[in-house]
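Here is what each chain is made of, one letter per residue.
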Amino acid sequence: MLNNSLSKNAIDFKTLEHEVYYAVLELGRSMMKAILEAIDEELMKSRDKEKYRHRWKKKTCIKTLMGPVEFSRIIYEYKDENEKKCYVYLLDEYLKMETIGFMSVNLLEKIIESVSNVSYRKAAENITELTGQDISHAAVWNIVQELGKRIIKQEQEKVKAYQESKLEGKKEVKVLFEEVDGLWINMQGKDRKGRNAKKQEIKLAATYEGWKKRNPGRDDEYVVINKRAVAGFMEPEEFADLLEASINEEYDTEKIEVRVLNGDGAKWIRKCADIAPMHYQLDRFHVFKAIIRQVYDKREAKKILRLIKGGNVEKALVCIEELKYKCGGEHDKVKKLKQLEEYLRSNFDGLIIYHKRNNVELPEPPEGIYYRNLGTMEHQICDILSLRMKGGKMSWSKAGANNISKILALKASGKLYDTIQSLMSSVASERLLKKYKEVIEAAKKKVDEVKKKLPKVYTMRRGQIPYSGCAMTEGRKAIRDLVSYRRLEDMI
């Protein structure tokens, strides 16, 4: 009998898993609805009835990791200090239910995590499959823009606090390394119009405290320690202020004995070096690239490279001057040599490696930390910005690129999810008035009793996506995209 039944109603494991998964999501939505309405009921019973008048119940829907949760909550009328009628949902204030586009914070985090790796359209497909609800790519785009605007506002407040000397970082380090560079990206729409507007440079700065071995005792690979990043389309002075504000927010700058900034010689980067006492260093990769490109005789180029590496900058410049005559005065060759000479002279103070300078006394690094040659910025540009913002026919509006760059910088700093939480909860706390704060606190005990009566829920084991915390390459990025938000049987 069982065999006959199975043969007539055959089902494979993939389908079974799919059905169970969506049944569990539906169960979760039902539980969430019951919990929310039970909490709202307790808040209604314990409120100050003279202050808060029960007006009506209103249905709403919030998109969550389990899908859309529909529930009803009570709206109350009260009078403010000026005797003006106001309305409030006590449930929203109790749970700090701040949303963007009626989406929960957990769902927002998943969307932002996905869109930081793949396109808006692909991120929407991933989240739709994960949660069993329709999320359009336009909705994903709107979320990124709204979150980006909130991050920018938070940065502006931080810069203002820095300019008013109100930022007091607590962390103490003796040496701090900074690297600054830019990424040229394709523009679209109205931002593409105008002379030299087809591509624009988005700025990026990374700070760290030194290096440590990735796998002590096994290899000589090193990773930077406590990396922090800031990015955006900003004027040089604004970007320099943001970088300095970010440093002052985290570090006690009076305790820093040596600060080193590594850059490619661009004028806007020099402004970052001028805003606070630090040692400027010209990035070795850009120095060597300029020499190889501009010197026509490759043997002489290698000679100049050796002189620069050895700290004999004056001899290197003399060698370049002599080459102008050795080439017989050929216009193109002389022009390139003059450009190289001008580049080196304009960055003369940065040509000597920081730890070989007479005016730099490096303190002993803490145990397990190393002070090495700078030059990680090309890697940072690739990992933080380029993998997401360049490639194929990708192009951006200025505002769109600026917003997502803020998200990518926070992700690289390990602060993205904390920032999302702070931005969402801070809006709710501003609306939390004293008049009903006491009401919420009084109801908390009864709400906890309701929660205890609910069935026990066991948490699922979680694992990291492959290559989490590792240097990202195009191959590794492809593997992450392959396995992200997919069931195992879909990949077999």
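Residues numbered from 1 in each chain as written. Predicted model: local features only at pLDDT ≥ 70, side-chain atom pairs only at ≥ 80, totals over all residues. Heavy atoms only, no water.

**Points about helix H4 (residues 105-115)**
With nine of eleven residues buried, H4 lies mostly within the body of the structure. Listed in full, the buried residues belonging to H4 are Val105, Leu107, Leu108, Glu109, Ile111, Ile112, Glu113, Ser114 and Val115. (Buried < 20%, exposed > 50% of the residue type's maximum accessible area, 1.4 Å probe, protein only. Helix = DSSP H or I, 4+ residues; strand = E, 2+ residues; numbered from the N terminus.)

**What to know about the pattern of salt bridges**
Enumeration according to the criterion identifies 21 salt bridges in this entry. The salt bridge involving Glu250 is made with Arg228; its shortest N-O contact spans 3.0 Å. Placement of Glu250 in helix H7 (residues 236-250) and of Arg228 in strand E8 (residues 228-232) is noted, with a sequence separation of 22 residues between them. Residue classification places Glu250 among the buried positions, given a relative accessible area of 15%. As a salt-bridge pair, Arg345 and Glu341 come within 3.3 Å of each other at their nearest N and O atoms. Here Arg345 pairs with Glu341, and both are found in helix H12 (residues 331-346), just four residues apart, close to one helical turn. Through salt bridges that share partners, Glu321, Lys324, Glu341 and Arg345 make up one connected network. (Salt bridge = Lys/Arg side-chain N within 4 Å of Asp/Glu carboxyl O.)

**Quick word on the packing of H7 against helix H8 (residues 267-274)**
Where H7 contacts H8, the two axes come as close as 9 Å, and the packing angle between them is 40°. As far as their axial angle goes, H8 and H7 are oblique. As for how H7 packs across H8, the hand of that crossing is right-handed. Contact residues: Pro236, Glu237, Phe239, Ala240 and Leu243 in H7; Trp268, Lys271 and Cys272 in H8. (Axes fitted to C-alpha atoms, helices over the stretch in contact; angles between N-to-C directions. Parallel < 35°, antiparallel > 145°, perpendicular 65-115°, else oblique. Left-handed = near helix turned anticlockwise from the far one by under 90°. Contact = heavy atoms within 4.5 Å.)

**A word on the layout of surface pockets**
Taken as a whole, the second largest pocket spans an internal volume of roughly 370 Å³. Elements supplying a minimum of two residues to the lining of the second largest pocket: helix H6 (137-163), strand E5 (199-208), E8, H7, helix H14 (398-413) and helix H15 (416-431). If one sorts the elements of the lining of the second largest pocket by residue count, H7 sits on top with five residues. (1 Å grid on protein atoms, 1.4 Å probe; cavity = no way out; pocket = protein on both sides within 12 Å on 5 of 7 lines; lining within 4 Å. Points joined across faces, edges and corners; volume = space filled by probe spheres on them.)

**Points about the sheet that holds strand E4 (residues 175-186)**
The sheet built from five strands is open, its strands ordered E8-E5-E4-E9-E10 with mixed pairing. The strands lining the two open edges of the sheet, one partner per strand, are E8 and strand E10 (279-282). Taking each pair of neighbouring strands and ignoring which way they run, the sheet shows an average axis angle of 20°. In this structure, strand E9 (residues 258-263) lies alongside E10, joined through four bridges in parallel fashion. When the bridges of E10 are listed, Asn262 appears paired with Gln281. (Pairing = 2+ DSSP bridges.)

**Some words on the environment of Gly210**
Here Gly210 shows up in the loop between E5 and strand E6 (211-213). Overall, the relative accessible area of 0% leaves Gly210 in the buried class. With 164 residues separating them along the chain, Gly210 and Leu374 place their C-alpha atoms 9.5 Å apart. Discounting chain neighbours no more than four positions away, the residues touching Gly210 are Phe177, Val223, Val224, Ile225, Ile369, Tyr370 and Tyr371.

**Digging into the sheet that holds strand E3 (residues 85-88)**
Sheet architecture is open: three strands sit in the order E1-E2-E3, paired in antiparallel fashion. Of all the strands in the sheet, the pair left with one neighbour each is strand E1 (53-64) and E3. Averaged over all pairs of adjacent strands, the angle between their axes in this sheet comes to 25°, without regard to strand direction. As paired elements, E1 and strand E2 (residues 67-79) share eleven bridges and run antiparallel to each other. The residue bridging His54 from the neighbouring strand is Tyr76, located in E2.

**Looking at the side chain of Ser246**
With respect to the helices and strands, the residue Ser246 is situated in helix H7. Judged by its relative accessible area of 16%, Ser246 is buried. Polar side-chain contacts of Ser246 include one of 3.4 Å to the side chain of Lys158. Discounting chain neighbours no more than four positions away, the residues touching Ser246 are Lys158 and Val230. (Polar contact = N/O pair within 3.5 Å; in protein donor to acceptor, adjacent residues only side chain to side chain.)

**Here's the deal with the pairing of E4**
In terms of residue burial, E4 counts as a mostly covered element, since ten of its twelve residues are buried. Of the strand pairs in this sheet, E4 and E9 are connected by five bridges, and their pairing is parallel. Looking across to E9, one finds that Leu176 is bridged to Arg259. Pairing geometry for E4 and E5, over ten bridges, is antiparallel.

**Regarding helix H11 (residues 313-326)**
Since there are 3.6 residues in each turn of an α-helix, residues three or four apart along the chain are aligned in direction. Compared with an ideal rise of 1.5 Å per residue, which puts 14 residues at 20 Å, H11 spans 20 Å between its outermost C-alpha atoms and is within 8% of the ideal. Among all positions in H11, only Val313, Ala316, Leu317, Cys319, Ile320, Leu323 and Lys324 are buried. Projected down its long axis, H11 shows its buried positions confined to an angular sector of 155°, all on one face. In H11, the exposed residues that point more than 90 degrees away from the buried face are Lys315, Tyr325 and Lys326. The inward-facing, buried residues of H11 abut helix H10 (298-309) and H12. Gly328 sits one or two residues past H11 and shows a positive phi near 80°. (Expected span 1.5 Å × (residues − 1). Arc of directions from axis to C-beta.)

**Side note on the confidence of the model for the protein**
Of all residues in the protein, 83% attain a pLDDT of 70 or more, and the chain-wide mean is 83. Ranking the helices and strands of the protein by mean pLDDT puts E8 first, with 95, and helix H1 (residues 2-8) last, with 47. Segment residues 1-7 is flagged for pLDDT under 50; beyond a separation of four residues in sequence, or across chains, it makes zero contacts in the model. This model gives residues 426-440 a pLDDT under 50, and the stretch forms 30 contacts once residues within four places in sequence are excluded. (pLDDT = per-residue confidence, 0-100.)

**Looking at unusual backbone geometry**
Although it is not a glycine, Ser165 adopts a positive phi angle of roughly 60°. Locating Ser165 in the fold gives a position in the loop between H6 and E4. The class of Ser165 is exposed, set by a relative accessible area of 60%. You will see that Asn226, though not glycine, has its phi angle at about 55°, which is positive. Counting through the fold element by element, Asn226 comes out in the loop between strand E7 (222-224) and E8.

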